[in-house]
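Residue-level structural notes
The lines below spell out each chain.
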Amino acid sequence: MEKNRNFFLTIAISVAILALWQVFFMQPRVDAERRAKQAQIEEQASKPAQPNASTKVQPAGNETPRAGQPPAPAGTIPGSQEPAQASQAASEKAAMAEAMAEPRVKIDTPSVTGSIALKGARLDDLYLKRYHVTVDKNSPEIQLFAPAGTGLGWFAEIGYAAAADVGSVPGPDTVWQVQGNPTLTPKTPVTLTYANDKGLTFTRVISVDDDYMFSFKDTVTNKGGAPVALSSYARVTKFWKPEVKTSYLLHEGMIGELGSGGLQEIKYDKMEKEKHVAPGDTTGGWLGITDKYWAAALVPPQNETYQPRFSYFDNGRPRWQADFLSKPMTLAPGESETIENRVFAGAKQNSILNRYEKQGIEKFSLLIDWGWFFFITKPMFYFIDFLYNFTGNFGVAILLVTVTLKAVFFPLANKSYASMARMKKVQPMMAEIRERFPDDKIKQQQATMELYKREKINPVAGCWPMLIQIPVFFALYKTLYVTIEMRHAPFFGWIRDLAAPDPTSVFNLFGLLHYPVPPFLMIGAWPLIMGVTMFLQMRMNPTPPDPTQQMIFTWMPVVFTFMLSAFPAGLVIYWAWNNTLSVIQQGIIMKRQGVKIELWDNLVGLFRRRSQPAE
C-alpha cells in the first residue's frame, strides 16, 4: 500500500511538472518575440501624411496552372511573383510611403481604420481601433494589414481570371475608378468601376459592418458581341510569420473549414515543406491565415462550388497564401451576373465570430484554437465571460470561477481530506509499526496495509485534488492564452494584463531597485503568494514518513514558484486563490474529524534543530 501511495504521488507530481516544462521555457521566448514584434510595429505604425515618392508597387504576376485545374478560359490566381523585400528601415518607410501615395479609398468604422488601394482594389492598410500594441491606451493601434512592399506585408484581394481573348480583367494591377463617396463606412458603401476593351464592365460595391467583415459585391456585364467565360478569385497573402513556434499550445498559419473536407490547419513551417495543398472542389466554408489573436479569412458564396488552395512561394520574397477560384461563369452578349465574396479581417473575438456563424458562415468560431480539450476550454471561457459581464473584471471572474469549482468538487475533496485527516490520526500507530519491524520493509508494508484497511483509509486520496486541478489548470491556461478577451485585461494594482506574467520581481525589490532582471529571475509578487499558499497547504497534510517524499513536499512549492512565474498572471492568481480555499477547507474538515491542525507545529519544526540521538 505504501508503494501504491508513492506511485500515485509520483504520477501526480510528474504529470504537473512535465506538462508545465515546455511552457516554462517557451513563455520567455514568446514574450521576447512579442516585444520585438511590438517594437517593429511601433516603428512603422505612424501613417505618412504627405506622400513623397512616385514609384508604384510592382504587381504580382501570373503563375503556372496548378495540377488538376481546368485550363483557360478560367485562368489562374495571381501570387507566384513578388518583389524582393527591403532590408533596412529607410527602405521600409519608403515602401510604405510609395504604397500610400497611390490613389486610395479611406476606411473608417467603429472597429477599423485604414484604406483600400484602387490599384487592384486591394485591402492592404488596416488598423484595429480597439486594440493597442501595449496596455498603454496611447500606444499605437494594432496594424493588421500592410502593403506588400513592407516588412509586415499582409493583404486581401478579390479579382478575376480569364483567357487572353476575354481582355484584361480585374487583378493586381487593375486601377479602379471611384464613383461618388470616397470613404467606406458601415453606412456608406463605396462603388468602384472598371471596363476593358472587349466590352466587359465590372461594378464593385464594397461594404463593411461595424466589426471586421468586408463584402465585395461585383456585377459583371458583357456588352461585347461574343460570349465570355471567367472566374472570380480571392486571396489572402502574408509576407511574414511569427518568429517563435507555439508548438501544441496554439495553431498559427493556414486554416480553413472546407465543407465536407472539415477543418484544415497547416502550420507555417509545414506549409514551407508542402508548398501547395489543394483539398479539391468545395462548397461552403471559409479559408485564410490566422495568428494568435488576429486573422484574415476569405468567405466565398456558401452555396457555390470553388477550388480552395494553400500555398507557399519562396521566389522573390517568401510568402504564404490562402486562395480560392470559383467555378467559371459564362456570359452571353448583354447578360449580367452578380457574385459576392466576403473578407474577414480583424480580431478573433468569440462573440463576433459566433454572430457571423449564425449568419451562415459554417463553423466560423473555429478561427479560435480551443484545442483538443475544447469540451473543457470553451465552457471555461463562457463561464468566465459570463461572470465578467457581472463584475466588470476578468480577475474577479477568475476568483469566482475558482470558488464555483471548489463547490462542484467539494464532495470528492471532502472525502479526500477526510481520509487524510484519518491518516493523521493513525500516525502514532504507523510509527509503532516502524519500530516493531525496523529492518523488515515487507512486514512494515503488510502491517501498514492492514492498518489502512481497518481504519478505512485511502492512502492515495490526497492525490485526487491535484489530479483534478491539472485539467482545470490547463483549461484556464488555454483560455488565457488564446482568447483575445483576456488580452490586456487588468486586475488590481500592478497587474495590468492577466494574460501576461507578473511584471514585478523580488530580485529588484519589486521595482524599487532600477536594474534589469533576467527572465528566469522574474519572480513576481503573485508567484510568491502562490508559493506561500502552496507551502501552507502541504504543511496542513501529515508529514510523509518517507525521506524522499519529505524532500518532494519541501521543495515542490519552490519549484512551482519558479515555474509559474513565467505563466500568465491570471493563472497564478487562480492557483494562489485555489490553494487558499483548499487550506481553509482542509482545516474545517480536520477540525470536524477531531484531528489536531498542526500547521503551526510543522512550521516551527522546520526551524527547530533536531535533537541528537543518545550515545
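**Focus on the packing of helix H11 (residues 525–540) against helix H13 (residues 569–592)**
Here H11 crosses H13 at 25°, and the two axes come no closer than 8 Å. Viewed along their axes, H11 and H13 adopt a mutual orientation that is roughly parallel. For the element pair H11 and H13, the recorded crossing hand is left-handed. Residues Trp526, Pro527, Ile529, Met530, Thr533, Met534, Leu536, Gln537 and Met540 of H11 form the contact with H13, whose participating residues are Val572, Ile573, Trp575, Ala576, Asn579, Thr580, Ser582, Val583, Gln586, Gly587 and Met590. Looking at the contact of H11 with H13, its residues break down into 13 nonpolar, seven polar and no charged.

**With respect to the environment of Ile289**
Residue position: Ile289 is located in strand S16 (residues 286–290). On the basis of relative accessible area, Ile289 is assigned to the buried category, the value being 0%. Here the alpha-carbon distance between Ile289 and Leu367, two residues 78 residues apart in the chain, equals 9.3 Å. Look past the residues within four positions of Ile289 in its chain and what remains in contact with it is Trp154, Val236, Lys238, Gly253, Met254, Ile255, Tyr268, Ala295, Ala296, Trp320, Gln321 and Ala322.

**Quick word on the environment of Arg539**
Within the secondary structure, Arg539 sits in helix H11. You can call Arg539 buried: its relative accessible area is 11%. For the pair formed by Arg539 and Phe553, sequence separation is 14 residues and the distance between their alpha carbons is 8.4 Å.

**Observations regarding the sheet that holds strand S13 (residues 263–267)**
Backbone hydrogen bonds hold the strands of a sheet together, and the pairing may be parallel or antiparallel. The strand order across the open sheet built from nine strands is S6-S8-S9-S10-S21-S17-S16-S12-S13, with neighbouring strands paired in antiparallel fashion. Both edges of this open sheet fall to strand S6 (177–179) and S13, since each of them pairs with a single strand only. This sheet shows a mean twist of 20° between the axes of neighbouring strands, independent of strand direction. Here strand S12 (residues 253–257) pairs with S13 via five bridges, running antiparallel. By the bridge assignment, Glu257 is partnered in S13 with Leu263.

Parameters and conventions
- Residue indices follow the written sequence of each chain, beginning from 1 at its first position.
- Given that this is a predicted model, residues contribute local features only at a pLDDT of at least 70 and side-chain atom pairs are listed and counted only at 80 or more, while totals for whole chains, interfaces and linings are drawn from all residues.
- No hydrogens and no water enter the side-chain calculation; it runs on all heavy atoms of the structure.
- The convention used is that axes are lines fitted to C-alpha atoms, helices contributing only their stretch in contact, and that angles between N-to-C directions extend from 0 to 180 degrees.
- To qualify as a helix, a DSSP run of H or I must reach at least 4 residues; to qualify as a strand, a run of E must reach at least 2; elements of each kind are numbered from the N terminus.
- Comment on the angle field: the value is read as roughly parallel under 35 degrees, roughly antiparallel over 145, roughly perpendicular from 65 to 115, and oblique elsewhere.
- For any helix crossing, the convention is left-handed if the near helix is rotated counterclockwise from the far helix by under a right angle, and right-handed if that rotation is clockwise.
- Contacts: residue pairs with any heavy atoms within 4.5 Å of one another.
- Lys, Arg, Asp and Glu make up the charged group, whereas Ala, Val, Leu, Ile, Met, Phe, Trp, Tyr, Cys and Pro make up the nonpolar group; the residues left over, Gly among them, are polar.
- Exposure is judged per residue with a 1.4 Å probe applied to protein chains only, and the accessible area is read against the type maximum: over 50% gives exposed, under 20% gives buried, and values in between give partly exposed.
- Strands are treated as partners if at least two bridges between them are detected by DSSP.

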